[in-house]
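Coordinates in review
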Amino acid sequence: MTTTTAPPAASTPSGAADPGRPYRRSPLTWIREHLLAAITVVVFVFMLAPNAVILWMSFNQPIGKFDYDWNRFSLSAWKNPCATNEMCHSLGLSVEIGLIATLVSTALGTMIAFAMVRHRFKARSGINSLLFLPMAAPEVVMGATLTALFFNTIGPGSLGFWTITIAHIVFCLSYVVVTVKSRLAGMDPTLERAAQDLYATPLQTFMKVTLPLVAPGIGAAALLAFALSVDDYIITAFTAGNMETFPMYIWGSVQRAYPAQIDVIGSLMLICTMAIIALSQILGRARNARR
Amino acid sequence: MSSNDVLGRGTGGDLRLAGLTKRFGSFTAVDHLDLTIPQGSFFALLGASGCGKTTTLRMVSGLEAPSEGRIFLGDDDVTERKPHRRPVNTVFQNYALFPHLDVYENVAFGLRRRGIKDVKQQVADMLDLVELGHLARRRPSQLSGGQQQRIALARALINQPQVLLLDEPLGALDLKLRRQMQIELKRIQTEVGLTFVHVTHDQEEAMTMADTIAVMNSGRIEQMGSPADLYENPGTTFVANFLGQSNLIPGTVEGVRGDVVTVTAHGQRLTLPADRCRTDTGAVILGVRPEKVRLAPAGSALPPGVNALAGGVVSDASFIGVSTQYLVRLPSGEELAVFEQNTGCEIQRPGTEVVVHWDPSQSFGLDGSQDIEAGADLDEESAA
Amino acid sequence: MSVSLQAPPAKSPVPQPPPAARRAGLLTPWILLLPGLLWLVVFFLVPILTSVGASVQTGNADQGYRLTWDWGNYGHGLSDYLPQYGHSLLYSVLCTVFCLLLGYPVAYCIAFRGGRFKSLLMALVVVPSFTSFLIRTIAWKTILSDNGPIVSVLNDLHVLNATTAMGWTVGNHVLASPAAVVFGMVYNFLPFMILPLYTSLEKIDPRLHEAGSDLYCDTFATWRRVTLPLSMPGVVGGTLLTFIPAVGDYINAQLLGNPNTGVVGQKIEDLFLRQTDGYPVGSAISVVLMAGTLILVLLYIRKAGTEDLI
């Protein structure tokens, strides 16, 4: 109590009026104020728990064929990640398909986005619907209908690498368009006018101003396309024929055997992602510090 | 396009607009504009938003194609030239600095596009001119509004354009910075001696900086002249109201004797010089600026030969330090504004009966067929 | 006066760009659009239309299929797989609702309370998605297994008895049940809900909250009257991004469900990839699923009044 003039009785019922005491609140208020934070923490635990479990189980020495239950600590899976040959082979195949699908869908999608944002032409709304449809179609429908097409035209025997890649480009394309479009639409059009005013030809304007400014959007689109492609199971299962991508390998493992090496790969995917994010943060901060 | 010749430099000369017209659908933004801006002048296009001033600017820079008319730089017709081939540069309203380039690269942009390899000295000189040499490696987002403004100016000036266009260049700055930049811009213009064409809705900004002001309204030029010309002798009610404040009193021309025009308004006789009156018969609008009007207590003796309106009552008096601003209600119901400089004279309280009077040579006469309110509300809106 | 208004010169003709240049200007968008659109038409639109055709064919893999306009495939498809359609719809609606209920508070909390950790927290939402979703879904098998901590806690609290009585779990297990399927779907699609919600919430000026409370709204009323209406684009976007993949999903039903939690996707895969003459019926139920989803989505967009969203 620092106040000398206030009567001591004033502190009990109307504590808020007393500057010497913190405002006392009912526990209900406390819960209400922290409910949002509590829900958020719980949801984050829910979202991140599997990743923790994957990392944990990657150090397991499973008893049987399935790395589902904890037995004892072991580094064997980490020392020998490619013990199961098919797994690493399927992973390579997934990356290969992912890269081609990313390259093609990013190029085609960026072109569409530029046409949609920068040009006025008829049939815009029709094209918009066509771009929206693949995002509104359940994957299983896309997979099934595309297989039907391949069956009817080139025959069931020709399903494989290229049919998977074609299918992946189809479902990545719309997402690329949406991502690049939003970046383009958010760009201040006076910047391009300023470039023209400063003697840049249309080509120079595009190369020196438009492209560098849209590049983060194109980069994000490419990253999204790659992630979608590498992680896709449903459409791939329909178009793969005898090929086995990484997600298909995991799917099969649930029936055959689920080695700890899968958890090693799962952990590596997480670690690489976090490392890339951390690296870009550090680089960005270093660049800002230099200025 | 790497040489200066391609940009058509070297011939020099005035910027000339001939019958320049721009229509957007059925709306005519700029209506047969004929205008010559001499080399080396600081020219202001003044008008409320939507009057066509920015469209005019964009046509000069080449970012908008005119519907009709030609644009000449000296003897060259540049109407068909693409923006990147015109020796004209713009300081954009929101500056349009490239966010992905630092200050140095922003300023060097135009030189590099013209294939000039050694830009170092020029960029350094230009950054010195705008006093921002120490910020060369910052990104635009790390600069204050005033600094961004100077960089935008440096980026345009470094190309030594024949004409520099400024699109509301100070609109985004606060009042104090704006005053500072007005003086700065004027200094730089005098220093480099280029033609500046400045578009603004702020009459004070236009008056401070420009040698010549063109007041634009609905795609046409209402009046053009030096700031003092326009202020002292406005030609239309729009200019009288938009540029500063005016007391406009409707009346009738009684007669012209020699170089004096006699007018009756509210039953009282007023006079004005014939060369300041735009009409010599019928309806006339007599105008006088508030700071030229004086107050005298009712019934007191007035100096001989003044224009006087008796029977007024002070309805409002605001003391603002340098002056006191009065509103005086006349028997006709009209209110006149009076600014009395603070020279120590007594402040008239609201309700006091007064006579307002002024020197007849300070009156101006306008064609009585115009809308007496034209331009008045626009000024308030754009000054906000 | 240093500047003079001059008499207009003789009118010059209106300058027109040369016709070739104008034609090039009109062609540019089509040159940009053509490759991508062609890809979508050939590998998306044509397959769907072919499937509509295939759904009225008869035959089998050995003898080939003939177009017989046999609408019976639809009758068969619908009557035989009605429970699967029901499950798909029920699970995906539940999944969307739970995602919205969980995702909104999280997006709100990050957007308005995140401070300088905003982007870090959003990174944490996205980062797990870079690990294969199959591996992450299978990890739930470990977490929810019978000898795991969650099942034992739920058993001690007699929660599983209640949920089993309601038909959502089976016995004293969490896995291999409808509840586990919905749980797995919520887990998989939650980031798709949080991302658009966060984007639209983040755009809201926090001063609007102050304005709300200044105008006599309590916290909830401010949310109800100010924040929620402004975040509707995010709500619509999030529910669509969750519902559409959820309705066709069969991964969770396969990995976390039991034979009684069959969904349409499983049946389509089965008919196409494992049965020799399932192709016409498979096409029929695909077409129904596609059309049904599209109708629901369009109705929803119209109702939500954000047609410009797409």
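Given the structure is predicted, the values throughout are model-derived calculations rather than measurements.

Definitions and limits used
- Residues numbered from 1 in each chain as written.
- Chains lettered and ligands numbered in written order.
- Predicted model: local features only at pLDDT ≥ 70, side-chain atom pairs only at ≥ 80, totals over all residues.
- Helix = DSSP H or I, 4+ residues; strand = E, 2+ residues; numbered from the N terminus.
- Buried ≥ 20, exposed ≤ 12 C-beta atoms within 10 Å, placed from the backbone.
- Contact = placed C-beta atoms within 7 Å.
- Core = buried A, V, L, I, M, F, W, Y, C linked by C-beta atoms within 7 Å.
- pLDDT = per-residue confidence, 0-100.
- Nonpolar A, V, L, I, M, F, W, Y, C, P; charged D, E, K, R; others polar.
- Pairing = 2+ DSSP bridges.
- Domains from an automatic or database assignment.
- Axes fitted to C-alpha atoms, helices over the stretch in contact; angles between N-to-C directions.
- Parallel < 35°, antiparallel > 145°, perpendicular 65-115°, else oblique.
- Left-handed = near helix turned anticlockwise from the far one by under 90°.
- UniProt positions renumbered as here; feature names shortened; annotations may be inferred.
- Expected span 1.5 Å × (residues − 1).

1. Describing the overall build of chain C
Of regular secondary structure, chain C possesses 14 helices and 2 strands. Every one of the 310 residues in chain C was classed for burial, and the buried ones make up 40%. Taking all contacts inside chain C whose residues are at least 6 apart in sequence as the whole, residues at least 24 apart take part in 68%.

2. A look at the overall build of chain B
Broken down by element type, chain B carries 9 helices and 20 strands. Once the C-alpha set of chain B is aligned to its principal axes, its extents read approximately 80 × 45 × 35 Å. When burial is assessed residue by residue, chain B has 41% of its 384 residues classed as buried.

3. Here we look at the nonpolar core
If you look at the biggest cluster of nonpolar residues, it comprises 228 residues, and the most contacted ones within it are Val215(B) and Ala107(C). Among the elements that make up this core, the one with the highest residue count is helix H8 (residues 178–202) of chain C (16 residues). Formed by 11 residues, the second largest nonpolar core is a distinct cluster that contains Leu309(B), Val328(B), Leu336(B) and Val338(B).

4. Quick notes on the confidence of the model for chain B
Residue and element names in this part refer to chain B. Mean pLDDT over chain B works out to 87, with 95% of the residues at or above the 70 mark. Confidence, expressed as mean pLDDT per element, reaches its minimum in chain B at helix H9 (residues 376–383) with 54 and its maximum at strand S3 (residues 42–46) with 94. Within the model, the stretch residues 379–384 combines pLDDT values under 50 with 6 contacts to residues more than four positions away or in other chains.

5. With respect to the interface of chain A and chain C
With 65 residues of chain A at the contact, the number on the chain C side is 66 residues. Elements with a minimum of two residues in the side of chain A that touches chain C: helix H1 (27–57), helix H3 (85–118), helix H4 (124–136), helix H5 (139–153), helix H6 (161–185), helix H9 (234–239), helix H10 (246–255) and helix H11 (260–290) of chain A. Here the element with the most residues in the side of chain A that touches chain C is H1(A); it accounts for 15 residues. Looking at side-chain class alone, the side of chain A that touches chain C contains 52 nonpolar, 10 polar and 3 charged residues.

6. Looking at the pairing of strand S14 (residues 283–288) of chain B
Residues and elements named next belong to chain B. For S14, the tally of buried residues reaches 5 of 6 residues, placing the bulk of the element in the interior. Both strand S11 (residues 247–257) and S14 contribute to a ladder of 6 bridges, which runs antiparallel. The partner of Asn247 across the bridge, within S14, is Val288. Sheet topology note: the S14/strand S20 (residues 364–367) ladder contains 4 bridges and is antiparallel.

7. Here we look at the domain arrangement of chain B
Residues and elements named next belong to chain B. Domain boundaries assigned for chain B yield domain 1 (4–232) and domain 2 (237–383). Between domain 1 and domain 2, the C-alpha centre-to-centre distance is 38 Å. Every contact between the two is made by 10 residues of domain 1 and, on the other side, 8 residues of domain 2. Within the residue set of the side of domain 1 that touches domain 2, elements represented by two or more residues are strand S9 (212–217), strand S10 (220–225) and helix H7 (227–232).

8. Quick look at unusual backbone geometry
The phi dihedral of Glu168(B) is positive, around 40 degrees, even though this residue is not glycine. If you trace the backbone, Glu168(B) turns up in the loop between strand S7 (163–167) and helix H5 (175–192). A residue is classified by how many C-beta atoms lie within 10 Å of it, and Glu168(B), with 20 of them, is buried. For His158(C), which is not glycine, the phi torsion reads 60 degrees and is therefore positive. Within the secondary structure, His158(C) sits in the loop between helix H6 (149–156) and helix H7 (159–166).

9. Thoughts on the packing of H3(A) against helix H8 (residues 202–230) of chain A
Think of two packed helices as two axes; the pair is described by the angle between the axes and how far apart they sit. Residues and elements named next belong to chain A. Where H3 meets H8, the axes come as close as 8 Å, and the angle between the chain directions of the two elements is 140 degrees. Here H8 runs oblique to H3, going by the angle between their axes. In this structure, H3 meets H8 at a crossing whose hand is right-handed. Across the interface between the two elements, Ser94, Val95, Ile97, Gly98, Ala101, Thr102, Ser105, Thr106, Gly109 and Thr110 from H3 touch Ile218, Ala221, Ala222, Ala225, Phe226, Ser229 and Val230 from H8.

10. So, the UniProt feature "domain: ABC transporter" (unreviewed entry) in chain B
When the UniProt feature table is mapped onto this chain numbering, "domain: ABC transporter" (unreviewed entry) sits at residues 15–243 of chain B. Here residues 15–243 of chain B is 35% helix and 27% strand, with 25 Å between the C-alpha atoms at its ends.

11. Considering the sheet that holds strand S19 (residues 353–358) of chain B
Hydrogen bonding along the main chain pairs the strands of a sheet, whether they run parallel or antiparallel. Residue and element names in this part refer to chain B. In space, the 5 strands of this open sheet follow the order S15-S19-S16-S17-S18, with antiparallel pairing throughout. Taken across any chain shown, the strands that pair with only one partner, and hence form the sheet edges, are strand S15 (294–297) and strand S18 (335–341). Each neighbouring strand pair of the sheet contributes to a mean axis angle of 45 degrees, computed without reference to strand direction. Looking at chain direction, strand S16 (residues 307–319) and S19 are connected through 5 bridges and run antiparallel. Each residue of the ladder has a partner; that of Gly312, found in S19, is Val354.

12. Quick notes on the pairing of S19(B)
All names here are of chain B. Burial along S19 is one-sided: Val354, Val356 and Trp358 are buried, and none of Glu353, Val355 and His357, which face the opposite way, are. By the bridge criterion, 4 bridges tie S15 to S19 in an arrangement that is antiparallel. Counted as the bridge partner of Ala296 is Val355 from S19.

13. Regarding the confidence of the model for chain C
Residue and element names in this part refer to chain C. Chain-level statistics for chain C give a pLDDT mean of 83 and a share of 87% at 70 or above. Confidence drops under a pLDDT of 50 for residues 1–24, and excluding neighbours within four residues, the segment shows 30 contacts in the predicted structure. Here the prediction assigns the complex a pTM of 0.77, and the interface score ipTM is 0.84.

14. Overview of H5(A)
An α-helical turn contains 3.6 residues, so a residue and the one three or four places further along point in the same direction. Residues and elements named next belong to chain A. Look at H5: 21 Å from first C-alpha to last across 15 residues, which is about the 21 Å you get at 1.5 Å a residue. Taking burial as the measure, the 15 residues of H5 include 12 buried ones, the bulk of the element. Inspection of H5 places Glu139, Val140, Val141, Met142, Gly143, Ala144, Thr145, Leu146, Thr147, Ala148, Leu149 and Phe150 among the buried residues, and these make up the whole buried set. One or two residues past the end of H5 sits Gly155, with phi positive at roughly 85 degrees.

15. Some remarks on the packing of helix H2 (residues 103–113) of chain B against helix H3 (residues 120–129) of chain B
Residue and element names in this part refer to chain B. Between H2 and H3, the shortest axis-to-axis distance is 10 Å and the interhelical angle comes to 120 degrees. The angle between H2 and H3 places the two elements in the oblique class. In the crossing of H2 with H3, the sense of the turn from one axis to the other is right-handed. Residues Tyr104, Val107, Ala108 and Leu111 of H2 form the contact with H3, whose participating residues are Gln122, Val123, Met126 and Leu127. Class assignment of the residues belonging to the contact of H2 with H3 gives a composition of 7 nonpolar, 1 polar and no charged.

16. Some details on the sheet that holds S3(B)
Residue and element names in this part refer to chain B. Spatial strand order, S6-S7-S8-S3-S9-S10: 6 strands in an open sheet with mixed pairing. What marks the edges here is a single partner per strand, and that holds for strand S6 (88–91) and S10. Going across the sheet, the axis of each strand differs from the next one's by a mean of 20 degrees, ignoring polarity. Note that S9 and S10 share 5 bridges and pair antiparallel.

17. Some words on helix H1 (residues 53–61) of chain B
Residues and elements named next belong to chain B. With respect to burial, H1 is a largely interior element, 9 of its 9 residues being buried. Among the residues making up H1, those that are buried are Lys53, Thr54, Thr55, Thr56, Leu57, Arg58, Met59, Val60 and Ser61. Looking one or two residues beyond H1, the residue adopting positive phi is Gly62, at roughly 95 degrees.

18. Description of the environment of Val104(A)
Positionally, Val104(A) belongs in helix H3. Owing to 21 C-beta atoms within 10 Å, Val104(A) belongs among the buried residues under this scheme.

19. Section: the environment of Gln203(B)
Mapped onto the secondary structure, Gln203(B) falls in helix H6 (residues 203–209). Remark: the alpha-carbon pair of Gln203(B) and Phe242(B), spanning 39 residues in sequence, is separated by 7.8 Å.

20. Some remarks on the environment of Thr147(A)
Note on placement: Thr147(A) falls in helix H5. Taking the number of C-beta atoms within 10 Å as the measure of exposure, Thr147(A) has 26 and is therefore buried. For Thr147(A), the residues in contact, after removing those within four places along its chain, are Phe238(A), Thr239(A) and Phe272(C).

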